[in-house]
Amino acid sequence: MSKKKKKTQSEIIENYYDLKVDKVDELVAALKGEDLDDFSPVSMNISDCTGVYSPDNVKRNGEQKQFDPYKRDILSRIPVWLKALFIKWWFFGAVAYFSLMGLMSITDNLDKMVVTGVIAGIMAELFVNPIFRYMEVDGEYKPYVMFPFPFKAFWTFFANILYYVLVTFAVSWIYTGINIMIGATQTSGFLAIEPLLFALFMLAVDMAAIGIKDLIVFLVKKLHKKKVVENV
């Protein structure tokens, strides 16, 4: 009698964690107001789920395409680092095009660099960083942001402007250095500023600065953790 009782309890425990698919289907049917006696499984055809009957929802063999809520789109298959770098490079290129090439009324190079840096900081704060926050799931885009703080942190607006002004000046020094080397090797010719290469230099300086910042933060946290362990 005891063995039979133990066996029954074991069967109950084993079956306790089984997914009750039929019960879930019955619940869905009940919420839809359907009669459970005439219940049929919920269709996963795209046409049935969306209510739109389109030829695009039919395969070549005539079968209906099935809805897959776990299907990954093409964008999610692209590595995070590639998406982050491309987005920043594209925005830097747009800034260089509209500021350096578009503002012809500003003739002084120093003023142009300041304006370019200010526009780049505004673009980063209002477009680039919010795009990263929208796309990220578990903070995977934070290594590509200089100030990875919430959007409500108002001070980051001015910090990004100042930071990208410095980045823009660093890029101008790169151009100056390259042109000095060109002048030392040949009598004529220089590297002109154009959006694509300028954006590439900005991206390189930006990521180098972010890498240095992340290294400093890592070392400070490591030192702080070491002190806490020693004090314990």
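Since this is a predicted model, take the numbers as computed values, not measurements. Each chain carries its own residue numbering, running from 1 in the written order of its sequence. Only residues with pLDDT of 70 or above have their local features reported here, since the model is predicted, and side-chain atom pairs are shown and tallied only from 80 upward, although totals for entire chains, interfaces and linings are computed over all residues. Side-chain numbers come from the whole structure's heavy atoms, not from hydrogens or water.

Colleague: I keep staring at the overall build of the protein chain and nothing clicks. Help me out?
Modeller: Segments assigned H or I by DSSP are reported as helices when at least four residues long, segments assigned E as strands when at least two residues long, and all are numbered from the N terminus. From N to C terminus, the protein chain includes eight helices and zero strands. Starting at the N terminus, the α and β elements of the protein chain follow one another as α-α-α-α-α-α-α-α. Note on areas: Shrake-Rupley, 1.4 Å probe, and residue coverage restricted to the protein chains presented here. Carbon and sulfur atoms make up 67% of the accessible area of the protein chain, which totals about 17100 Å².

Colleague: Which parts of the structure should I look at to understand the packing of helix H6 (residues 109–135) against helix H7 (residues 155–185)?
Modeller: In this analysis an axis means a line fitted to C-alpha atoms, helices contributing only their contacting stretch, and an angle means the value between N-to-C directions, from 0 to 180 degrees. The geometry of H6 relative to H7 is characterised by a closest axis approach of 7 Å and an angle of 135° between their N-to-C directions. Here H6 lies oblique to H7, going by the angle between them. In this structure, the crossing between H6 and H7 has a hand that is right-handed. The segment H6 lies against H7, with Leu110, Met113, Val114, Thr116, Gly117, Val118, Ala120, Gly121, Ile122, Ala124, Glu125 and Asn129 engaging Thr156, Phe157, Asn160, Ile161, Tyr164, Val165, Thr168, Phe169 and Ser172. Of the residues assigned to the contact of H6 with H7, the class counts are twelve nonpolar, eight polar and one charged. An angle below 35 degrees is treated as roughly parallel, one above 145 as roughly antiparallel, one from 65 to 115 as roughly perpendicular, and anything else as oblique. Handedness of a crossing is defined here by the sense of rotation of the near helix relative to the far one, left-handed for an anticlockwise turn of less than a right angle and right-handed for a clockwise turn. A contact between two residues is defined here by any heavy atoms of the two lying within 4.5 Å. Residue polarity follows a fixed list, in which Ala, Val, Leu, Ile, Met, Phe, Trp, Tyr, Cys and Pro are nonpolar, Asp, Glu, Lys and Arg are charged, and the others, Gly among them, are polar.

Colleague: Would you mind going over the packing of aromatic side chains with me for this structure?
Modeller: Each pair of aromatic rings is reported with the distance of its centres and the angle of its planes. Here the aromatic set is Phe, Tyr and Trp, taking the six-membered ring for Trp, and pairing holds for ring centres within 6.5 Å; pairs whose planes are under 30 degrees apart are stacked, those over 60 apart are edge-to-face, and all others are tilted. Considering all chains together, one arrives at 15 aromatic pairs under this definition. With a centroid separation of 6.2 Å and 25° between ring planes, the pair formed by Phe91 and Phe127 is classed as stacked. Taken together, the positions of Phe91 in helix H5 (residues 80–101) and Phe127 in helix H6 put the pair 36 residues apart, joining distant regions of the chain. Between the aromatic rings of Phe147 and Tyr163, the centroid separation amounts to 6.2 Å while the plane-to-plane angle is 85°, which identifies the pairing as edge-to-face. Of the two residues, Phe147 sits in the loop between H6 and H7 while Tyr163 sits in helix H7, which places them 16 residues apart along the sequence. Accessible area is worked out with a 1.4 Å probe on protein chains only. A residue is then buried under 20% of its type maximum, exposed over 50%, and partly exposed in between. Taking relative accessible area as the criterion, Phe147 reaches 17% and is therefore assigned buried. Residue Tyr163 is classed as buried on the basis of its relative accessible area, which comes to 10%. Members of the aromatic cluster, joined through ring pairs, are Phe92, Phe147, Trp155, Tyr163 and Tyr164.

Colleague: In this structure, what is going on with the nonpolar core? I would like to understand it.
Modeller: Nonpolar side chains in soluble globular proteins tend to end up buried together. Only buried residues count toward a nonpolar core, which is a set of Ala, Val, Leu, Ile, Met, Phe, Trp, Tyr and Cys residues joined through side-chain atoms within 4.5 Å. One finds Phe92, Tyr163, Tyr164, Val167, Val171, Phe198 and Met202 to be the most contacted residues of the largest nonpolar core, which totals 25 residues. Only H5, H6, H7 and helix H8 (195–231) provide two or more residues apiece to this core. Residues within four places of Val171 in sequence aside, it is in contact with Phe198, Phe201, Met202 and Val205. Of all hydrophobic cores here, the second largest spans eight residues; its members include Ala84, Phe91, Phe132 and Tyr141.

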